Amino acid sequence: MSWVALEAKENLVSGTSKPLHLVMMFVAFTVIATIVDLMIVQDITNEAYKYRDSGASTFTVTSPGRVNGEVCDQLSKLPSIIASGAIRIEEEPLETIVLPRGPIASYVVSEGALGVFDVEDSGQVGLFLSSTVASTLGVSSGYPLLLKTGTAQVQGTYHWPSDGRRPGFDYAALIPIPSQSLFDECWVKAWPIPENIQILLRLTVNAPNGDMQIKTDYSQVNTTLGTQFTGYTKLHQRVTQHAPSFTLILGIINGIVLVWARRLELASVQHVGVSWPAQLWQLIIEHGICLLVGSSIVLAIDAVVINHLLPMDMDTLWEIAARVLLCGFFGVLLGTVIGSHRIKANNLSRYFKAR
Amino acid sequence: MQVKLDNIGHSFSGQPFLFRHLSLTLEPHRVYALVGPSGSGKSTLLSILTGWLDPTEGAVEYEGINRVGWVFQNPHGVAHRSAIDHVVLPLLARGLFRSDAVHRAKQLLNDFGLSSATYREFCELSGGEAQRLMLARGIAARPHLLLVDEPTAQLDIQTAQTVDACLGALIQRTTIVVIATHATSTREACSDIINLEKYT
Ligand SMILES: Nc1ncnc2c1ncn2[C@@H]1O[C@H](COP(=O)(O)OP(=O)(O)O)[C@@H](O)[C@H]1O
Ligand SMILES: [Mg+2]
């Protein structure tokens, strides 16, 4: 049967099997399908990051003076909880010696809260300023801050942009205290959002004698983007999730068309004694080699796209790319089998009449 | 080894009979010229002989015929494969070793006056060379019955004669050959004549 392989090789070298055409078509439709789907996934992912990073996925419970800081901090150990911590509003705002903008709202916070605020920490024990305060006063991490009540160290800063998140923290200071005390609120930053988030938050509210009547308020740090992230539905309903089916079908069509374009040659060769299985093998080898070459080109392009354009979860992206590629690959082979199946030696005269 | 036509007749659905009451026996080592004007049913009779088409009347009996070859009016080779590749392939498919197949193919090409074209691509061959190559390839498959449909119809008279000159090579190598034609030169190169006009 080695003559079949040699025949396939000769057909590739002589261009009879249209190898360039197949490689180019395959690379084109696979790469286009992959990139379009990756772009849309990237859009949805960016939306998700925006939702999460603007505080929409940071859930809060408010119950003044009843929130257990330790329990609240511990929640961050649970899966899909990124950070959690408790805060309490200080009645006395901080007043600096120089007063460019009035008093600074201040909050005492548990250790875990520093993670929720995503602070930049210099390591020198002190307080944390919002970046607005820091720049207004011209101080940064490690600097002393002159207050009316004395001097405090600036331990770090945090960002509080006005992207719809709760006001009151953009011109404020956080004063870390040990978690073993009572606070007003517990904040939980979660991703993805667990369904039982309210139950988790409720755990942090001290209820003496199991009193469930205690008033608790649930909210989000940013309520302007909705209580649920709608991107998941978008992700699962995106048109381009069908990219693998698309490449499968295009692959099948390509395989059939390539074989069909050679029907006279193939049928007449069957007619002089080459069996159908031998011919099918020959076609599979011819197209298979083109597909391997095409696949390596596609993988190289995919690697560039995934590494340089999309700063995201690589595994998911490669999974998308691989699925599209494999479907295209086997689509062409399937099309080859279907096309070849239709070539029968005794159809030869009919092809001629149709010409 | 023979083919017996027993009172064959054919008409395409509802149309008048193309030919009728055709009875004869085709025998080995003879080349039959199948003649008649265009539309008289030459190709139709060839289709019946391959078994692709059932005659409206009568029956065809084959004795010891397993492989039937067919060479068409238009040569249909593979554009960018060499002449010898065309002839080697059916030999390989029959199970010959490559060296034997190449040797046999060269002999066949020589018999059909194609020695100088051995390594030329099919698309570079002239009409006469292409048609002779198709005959050589048809024979390489070793059919018991070789049917040739108007091999010279597309060729000018001189080129046609180069094809006719090869028919002798067919007689030696195949058992039974039937050539549909209306070229007088082809008819003269054949050993027997079947005139379809006589069977109406
Ligand atoms: N499949 C078919 N169905 C109906 N009519 C056909 C078919 N094939 C051929 N014919 C008709 O039968 C007649 C004989 O055709 P053909 O055998 O090709 O003649 P020839 O080869 O002698 O020129 C023509 O009139 C043609 O139109
Ligand atoms: Mg005809």
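Note that the structure is predicted; figures quoted are calculated from it, not measured.

Each value, and the rule that gives it
Residues numbered from 1 in each chain as written. Chains lettered and ligands numbered in written order. Predicted model: local features only at pLDDT ≥ 70, side-chain atom pairs only at ≥ 80, totals over all residues. Heavy atoms only, no water. Buried < 20%, exposed > 50% of the residue type's maximum accessible area, 1.4 Å probe, protein only. Helix = DSSP H or I, 4+ residues; strand = E, 2+ residues; numbered from the N terminus. Pairing = 2+ DSSP bridges. Patch = residues over 30% accessible without salt bridge, like charges linked within 9 Å, V, L, I, M, F, W, Y side chains within 5 Å. Areas by Shrake-Rupley, 256 points an atom, 1.4 Å probe, with all protein chains shown as cover. Salt bridge = Lys/Arg side-chain N within 4 Å of Asp/Glu carboxyl O. Axes fitted to C-alpha atoms, helices over the stretch in contact; angles between N-to-C directions. Parallel < 35°, antiparallel > 145°, perpendicular 65-115°, else oblique. Left-handed = near helix turned anticlockwise from the far one by under 90°. Contact = heavy atoms within 4.5 Å. Nonpolar A, V, L, I, M, F, W, Y, C, P; charged D, E, K, R; others polar. Phe/Tyr/Trp six-rings, centres within 6.5 Å; stacked < 30°, edge-to-face > 60°. Lys NZ or Arg CZ within 6 Å of the ring centre and 35° of its normal. pLDDT = per-residue confidence, 0-100. Core = buried A, V, L, I, M, F, W, Y, C linked by side-chain atoms within 4.5 Å. Buried area = accessible area lost by both parts, 1.4 Å probe. Polar contact = N/O pair within 3.5 Å; in protein donor to acceptor, adjacent residues only side chain to side chain.

### What to know about the pairing of strand β5 (residues 127-130) of chain A
Residue and element names in this part refer to chain A.
- Here β5 shows two buried faces, one formed by L127 and L129 and the other by F128 and S130.
- Strand direction decides the pairing type here: β5 and strand β7 (residues 150-158), joined by 4 bridges, are parallel. Residue S130 lies in a different strand from β7, and its bridge partner there is Y158.
- In this sheet, strand β8 (residues 172-176) lies alongside β5 in antiparallel orientation, the contact comprising 2 bridges. The partner of F128 across the bridge, within β8, is L174.

### Quick look at a nonpolar patch on the surface
- A surface patch of nonpolar side chains, amounting to about 320 Å² of accessible area, comprises I32(A), V36(A), M39(A) and I40(A).
- Assignment of secondary structure puts M39(A) in helix α2 (residues 19-53).

### Here we look at the packing of helix α2 (residues 83-93) of chain B against helix α4 (residues 127-140) of chain B
Residues and elements named next belong to chain B.
- One can describe the packing of α2 onto α4 by two numbers: an axis separation of 8 Å at closest approach and a directional angle of 15°. In this view, α2 runs roughly parallel relative to α4, as classed from their interaxial angle. Regarding α2 and α4, the two cross each other, and that crossing is right-handed. Residues A83, H86, V87, P90 and L91 of α2 form the contact with α4, whose own contacting residues are L133, M134, A136, R137 and A140.
- When grouped by side-chain class, the residues that make up the contact of α2 with α4 number 8 nonpolar, 1 polar and 1 charged.

### Points about the packing of aromatic side chains
Residue and element names in this part refer to chain A.
- If you walk through the whole model with that rule in mind, you get 15 aromatic pairs over all chains.
- An aromatic cluster of at least three residues, connected via ring pairs, comprises Y107, F117, Y158, W160, F169 and W187.
- Taking the ring centre of W160 as reference, the NZ or CZ of R165 above it sits at 4.9 Å.

### Remarks on the confidence of the model for chain A
- The pLDDT averaged across chain A works out to 89; a share of 94% of its residues lies at or above 70.
- Long-range and interchain partners of residues 351-355 of chain A, a stretch whose pLDDT sits below 50, account for 13 contacts in this model, where long-range means more than four residues apart.

### Some remarks on the nonpolar core
Residue and element names in this part refer to chain B.
- Counting residues in each nonpolar core, the largest one holds 44 residues, and the members touching the most others are V87, F112, L133, L170 and I179.
- The contact partners of L170, leaving out residues within four places of it in the chain, are F112, L135, I139, L146, V177 and I179.
- Formed by 25 residues, the second largest nonpolar core is a distinct cluster that contains I8, L26, V60 and F72.

### Overview of the interface of chain B and chain A
- The interface of chain B with chain A comprises 19 residues on the first partner and 20 residues on the second.
- Here chain B packs against chain A, burying approximately 1,800 Å² in sum over the two surfaces, 66% of which is carbon and sulfur.
- Summed over the shared surface of chain B and chain A, the result is 1 salt bridge.
- We note a salt bridge from E7(A) to R81(B), for which the minimum N-O separation is 3.0 Å.
- The tally of links between chain B and chain A comes to 4 residue pairs in polar contact (both at pLDDT 80 or more).
- Among the elements of the structure, β5 (68-71), α2 and α4 of chain B are those that each provide at least two residues to the side of chain B that touches chain A.
- When its residues are assigned to classes, the side of chain B that touches chain A shows 10 nonpolar, 5 polar and 4 charged.

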